[in-house]
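Understanding the architecture of this molecule
Below are the chains, spelled out letter by letter.
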Amino acid sequence: MSRLANLWEETAVAAPTAEPLKGEARADVLVVGAGYLGLSAALHIAEAGGDAIVLEAEAPGYGASGRNGGQLIPGLKYDPDEIEALFGRERGERLWRFAGGTADFVFGLVERLDLRAEASRTAWIQGVHSEKAARLARSRAEQWQRRGADVAYVEAQEAERLTGARAYIGAFVDRRAGRLQPLSYARELARAAIAAGARVHGASRVVSLDRQGAGWKATTATGAQVIAKKVLLCGNAYSDGLFPELPRSIVAATSLQIATEPLPEPLRGAILPGGEVLSDTRKVIRYWRLDAAGRLLMGGRGPYREPGAESDWAHLVRAVHGLYPALRGIAFTHRWGGRVAIHPDYWPRLHEVRSGVLAAIGCQGRGIGWQTAMGAELARLAMDETYQSVLPVSPIKPIPFSPLKRVGFTAALHTMRALDRLGLS
Ligand SMILES: Cc1cc2nc3c(=O)[nH]c(=O)nc-3n(C[C@H](O)[C@H](O)[C@H](O)COP(=O)(O)OP(=O)(O)OC[C@H]3O[C@@H](n4cnc5c(N)ncnc54)[C@H](O)[C@@H]3O)c2cc1C
């Protein structure tokens, strides 16, 4: 019987001190939200000599950054040829280089700032479940290889050797990728941002943002205030009603995880023996990995509502038993979940919500690398008005019939599961 608890909270480094904001403060840049995006933005602003205040509703790493699978995967859902076709040769190349470099960016920060986040470059395996997905994965490997990346497509036998499961007809293997302890990484980013001079406040939900001269005045739930020239909105899937058009422009999908007790040898050594992380090509993806203590963590989609009953996680238990029958009888100790911001076209976005108020939203499940790197982009934009970001600024497009999103999402989920089963996705 697993209990509703986030495993990462039990194994993370200690949280940095982040007292609630009191009274009135001034800063060049106000950052709303202390996940990877906000903390990376604050760190890079402080390192560039700027003055940043981060206001977080709960605690640093409270959102998706402290709950995710810890799979550090570069790239976007789109492959480089497609990106060049969409954005043109020059802009496209800049974008795929940026996207392809996001894992390097994180590993670089970990090394430079000595972040204690159990980070290691163990590779990502993308299990391929259908012939259609195999064609795309072969093409993905070929496109990245042509650009010098350390990736490969492997056939079924090698996929089985790498994963320890007879589940896939092939696999895309990306050796730029790896794993980390996600909450430790968020807390260590906060520690580094504070050390660089940023002020980070927890329990400080921003409830209003009003124009103040050429800048902005933010008020927190407890009445504290910040006056800043620029504002960076970093709430992503946890964005609230501050600017309602932002949460309306994404699907905040629930992703769930379940963890076993530490596995005894030889079970442990038979699953992803190289320490790789894995997700698959299904439309309704499953993802898994071992943690540092040898627990198996299995993740996948959840319901379009707050999960609660243990039965909401039952499909993940079935997935573990289906993939690794030897694990029947092993106890599951933890289950938890979080929200992932997804756009219908799977593109992340950069918005100027109001003059001087920027937001980067929609990580499509690759936010460890992408949002960390975008944090540095937001920092440059906030510090230099002439800077052209790698991702163009685009208008916010609320999803039509937003109140019907739940019904639509659930129907789409059933359709996608059926396509996965039939091998048509
Ligand atoms: C279960 C799960 C598994 C995932 N697995 C992976 C994975 O393996 N690999 C990967 O790359 N990505 C994964 N993701 C996605 C990844 O976790 C996110 O993309 C990333 O953490 C987003 O970071 P962020 O800083 O943009 O947002 P968040 O980390 O969600 O931070 C947003 C913060 O803003 C705060 N906030 C919101 N509104 C306000 C306000 N008004 N005032 C103050 N604070 C506010 C929230 O409290 C929150 O802490 C996963 C996500 C989930 C949920």
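The structure under discussion appears in the preceding block.
Rules behind the numbers
- Residues numbered from 1 in each chain as written.
- Predicted model: local features only at pLDDT ≥ 70, side-chain atom pairs only at ≥ 80, totals over all residues.
- Heavy atoms only, no water.
- Helix = DSSP H or I, 4+ residues; strand = E, 2+ residues; numbered from the N terminus.
- Buried < 20%, exposed > 50% of the residue type's maximum accessible area, 1.4 Å probe, protein only.
- Contact = heavy atoms within 4.5 Å.
- Areas by Shrake-Rupley, 256 points an atom, 1.4 Å probe, with all protein chains shown as cover.
- Lys, Arg positive; Asp, Glu negative; His and termini not counted.
- Charge placed at Lys NZ, Arg CZ, Asp CG, Glu CD.
- Pairing = 2+ DSSP bridges.
- Axes fitted to C-alpha atoms, helices over the stretch in contact; angles between N-to-C directions.
- Near = heavy atom within 4 Å.
- Polar contact = N/O pair within 3.5 Å; in protein donor to acceptor, adjacent residues only side chain to side chain.
- Nonpolar A, V, L, I, M, F, W, Y, C, P; charged D, E, K, R; others polar.
- Expected span 1.5 Å × (residues − 1).
- Phe/Tyr/Trp six-rings, centres within 6.5 Å; stacked < 30°, edge-to-face > 60°.
- Core = buried A, V, L, I, M, F, W, Y, C linked by side-chain atoms within 4.5 Å.
- Parallel < 35°, antiparallel > 145°, perpendicular 65-115°, else oblique.
- Salt bridge = Lys/Arg side-chain N within 4 Å of Asp/Glu carboxyl O.

Along the backbone of the protein chain there are 13 helices and 19 strands. C-alpha atoms of the protein chain, sized along the principal axes, occupy 65 × 50 × 45 Å. Per-residue burial for the protein chain yields a buried fraction of 59% across its 425 residues. Long-range pairs, those at least 24 residues apart, make up 76% of the contacts in the protein chain with a sequence separation of at least 6. On the protein chain, roughly 17600 Å² of surface is accessible, and the fraction owed to carbon and sulfur atoms is 53%. Within the protein chain, the 44 negative side-chain charges are centred at a point lying 4 Å from the centre of the 53 positive side-chain charges.

Turning our eyes to something else, we now look at the sheet that holds strand E7 (residues 170-174). One open sheet holds the nine strands; their spatial order is E1-E17-E13-E16-E15-E14-E5-E7-E6, and the pairing between them is mixed. Each edge of the sheet is formed by a strand with only one pairing partner; in this case those strands are strand E1 (3-4) and strand E6 (151-155). Packed on one face of the sheet, helix H6 (residues 131-146) meets strand E5 (124-128), E6 and E7 and runs near 150° to E6. Packed on one face of the sheet, helix H7 (residues 156-163) meets E5, E6, E7 and strand E14 (277-280) and runs near 105° to E6.

Looking now at the site of the ligand. Lining the immediate environment of the ligand, one finds 37 residues, of which Glu56, Ser65, Gln71, Cys363 and Gln371 sit closest. A distance of 2.7 Å separates a nitrogen atom of the ligand from a polar atom in the backbone of glutamine 71. Where the shell around the ligand is concerned, the elements lending two or more residues are helix H2 (36-47), strand E13 (251-260), strand E17 (332-342) and helix H12 (367-383). Among the residues making up the shell around the ligand, the classes are represented as 14 nonpolar, 17 polar and six charged.

Time to look at the environment of aspartate 280. By the secondary structure assignment, aspartate 280 is in strand E14. For the pair aspartate 280 and arginine 26, spaced 254 residues apart in the sequence, the C-alpha separation amounts to 46 Å. If we skip the residues at most four places from it in the chain, aspartate 280 touches Gln126, Gly127, Tyr168, Ile285 and Arg286. For aspartate 280, the side chain forms a polar contact with the side chain of tyrosine 168, separated by 2.8 Å.

Locating serine 389 in the fold gives a position in the loop between H12 and helix H13 (405-422). A polar contact of 3.0 Å, which involves the side chain of serine 389, links it to the side chain of glutamate 377. Looking at serine 389, its side chain comes within polar contact range of the main-chain nitrogen of leucine 391, at 3.3 Å. Contact partners of serine 389, with chain neighbours within four places excluded, come to Arg91, Arg94, Leu350, Glu377 and Leu381.

Okay, helix H4 (residues 89-100) next. For H4, built from 12 residues, the straight-helix expectation of 16 Å at 1.5 Å per residue is met to within 8% by its first-to-last C-alpha distance of 16 Å. Burial in H4 covers these residues: Gly92, Leu95, Trp96, Phe98, Ala99 and Gly100. On its buried face, H4 sits against helix H3 (80-87), helix H5 (102-113), H6 and H12.

To continue, consider the packing of aromatic side chains. Inspection of every chain in the model, using the stated rule, returns 10 aromatic pairs. Ring geometry for tyrosine 78 against tryptophan 347: centres 4.5 Å apart, planes inclined by 20°, an arrangement best described as stacked. Here tyrosine 78 is found in the loop between strand E4 (71-72) and H3, whereas its partner tryptophan 347 is found in the loop between E17 and strand E18 (349-354), with 269 residues between them in sequence. A relative accessible area of 18% means that tyrosine 78 is categorised as buried. Centre to centre, the rings of tryptophan 288 and tyrosine 324 are 6.2 Å apart; their planes meet at 85°, and the pair counts as edge-to-face.

Buried residues dominate strand E12 (residues 225-233), accounting for eight of its nine residues. Bridging between strand E2 (residues 24-32) and E12 involves eight bridges; their strand directions are parallel. Along E12, the bridge assignment pairs valine 32 with leucine 233. Bridging between strand E11 (residues 215-220) and E12 involves four bridges; their strand directions are antiparallel. Considered in E12, the bridge of tryptophan 216 is made with alanine 228. Two successive antiparallel strands, E11 and E12, enclose a turn made up of four residues, where glycine 223 displays a positive phi of approximately 90°. Of the pairings in the sheet, the one linking E12 to strand E19 (residues 357-361) comprises three bridges and is parallel in character. Across the sheet, leucine 233 pairs through a bridge with alanine 359, a residue of E19.

In this structure, Leu115, Tyr185, Leu189, Leu232, Trp370, Met374 and Leu378 are the most contacted members of the largest nonpolar core, which totals 70 residues. Other than its neighbours up to four places away in sequence, leucine 232 contacts Val29, Leu30, Val31, Val32, Ala41, Ile45, Leu358, Leu378 and Ala382.

Every α-helix winds through 3.6 residues per turn, so residues three or four apart in the chain are directed the same way. Of the residues making up helix H11 (residues 314-323), those classed as buried are Leu316, Ala319, Val320, His321 and Leu323. Where H11 is buried, its residues meet E13, strand E15 (286-290), strand E16 (296-301) and E17.

Moving on, we come to the packing of H3 against H6. In a pair of packed helices, the angle between the axes and the distance between the axes together describe the arrangement. Between H3 and H6, the least distance of the axes is 8 Å, while the angle of their chain directions is 75°. Classified by the angle their axes make, H3 and H6 are roughly perpendicular. Facing H3, whose interface residues are Pro80, Asp81 and Glu82, H6 presents Gln143, Trp144 and Arg146. Partitioned by chemical class, the residues of the contact of H3 with H6 number two nonpolar, one polar and three charged.

According to the stated counting rule, one finds 27 salt bridges in the structure shown. A salt bridge links glutamate 84 to arginine 89, with the shortest nitrogen-to-oxygen separation between them at 3.5 Å. Given the relative accessible area of 61%, arginine 89 is considered exposed. As a salt-bridge pair, glutamate 385 and lysine 230 come within 2.7 Å of each other at their nearest N and O atoms. Separated by 155 residues along the polypeptide, glutamate 385 in the loop between H12 and H13 and lysine 230 in strand E12 bring together distant segments of the chain.

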